[in-house]
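# Understanding the architecture of this molecule
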Amino acid sequence: MKKHRLNHEKKPKGILSSLVLRLGVFAAVIVCIAMIISNQATLAEKQQELAALQEEKAKLQAENVRLARELESDEYSYMENYALNYLNYAYPNERRFYDTSRN
């Protein structure tokens, strides 16, 4: 018995289409790697910003607690201290001397 062989001719793929496909896949891989590296760098930067913001938050919360304690203790003495030290207010009969030789 003879086996009939079907004539399946393989069409030769064009070298150009194969090359284009390989270059396309290679370019896609390169783009993906670049995006991953970029995302990792952005993530590290954002984590540093988050740590700095958390540190500042802790400082502000501590300052808030201190100010709340001062307000609870004696509001008048707090306002007096703030006016004298931060706003440079003075009592009517008080003399203030400033060192101008440092200018």
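Residues numbered from 1 in each chain as written. Predicted model: local features only at pLDDT ≥ 70, side-chain atom pairs only at ≥ 80, totals over all residues. Heavy atoms only, no water.

### Side note on the pattern of salt bridges
For the coordinates displayed, the defined rule picks out three salt bridges. Close ionic contact of Lys-59 with Glu-55 constitutes a salt bridge, the shortest N to O distance being 3.6 Å. Highlighted residues: Lys-59 and Glu-55, both in helix H1 (residues 15–73), separated by four residues, approximately one helical turn. Exposure remark for Glu-55: the relative accessible area of 48% places this residue in the partly exposed category. Put simply, Arg-66 and Glu-63 hold a salt bridge, and the shortest N to O gap is 2.6 Å. Of the two residues, Arg-66 and Glu-63 are both situated in helix H1; the distance of three residues between them amounts to about one turn of the helix. In this structure Glu-63 comes out as partly exposed when scored by relative accessible area, which is 34%. (Salt bridge = Lys/Arg side-chain N within 4 Å of Asp/Glu carboxyl O. Helix = DSSP H or I, 4+ residues; strand = E, 2+ residues; numbered from the N terminus. Buried < 20%, exposed > 50% of the residue type's maximum accessible area, 1.4 Å probe, protein only.)

### Re the packing of aromatic side chains
Under the definition given, this model contains one aromatic pair. Centre to centre, the rings of Tyr-82 and Tyr-86 are 5.0 Å apart; their planes meet at 35 degrees, and the pair counts as tilted. Given the relative accessible area of 58%, Tyr-86 is considered exposed. (Phe/Tyr/Trp six-rings, centres within 6.5 Å; stacked < 30°, edge-to-face > 60°.)

### Some words on a nonpolar patch on the surface
A surface patch of nonpolar side chains, about 470 Å² in accessible area, is lined by Leu-21, Val-25, Val-29, Ile-33 and Ile-37. Counting through the fold element by element, Ile-33 comes out in helix H1. For Ile-33, a relative accessible area of 44% puts it in the partly exposed group. (Patch = residues over 30% accessible without salt bridge, like charges linked within 9 Å, V, L, I, M, F, W, Y side chains within 5 Å. Areas by Shrake-Rupley, 256 points an atom, 1.4 Å probe, with all protein chains shown as cover.)

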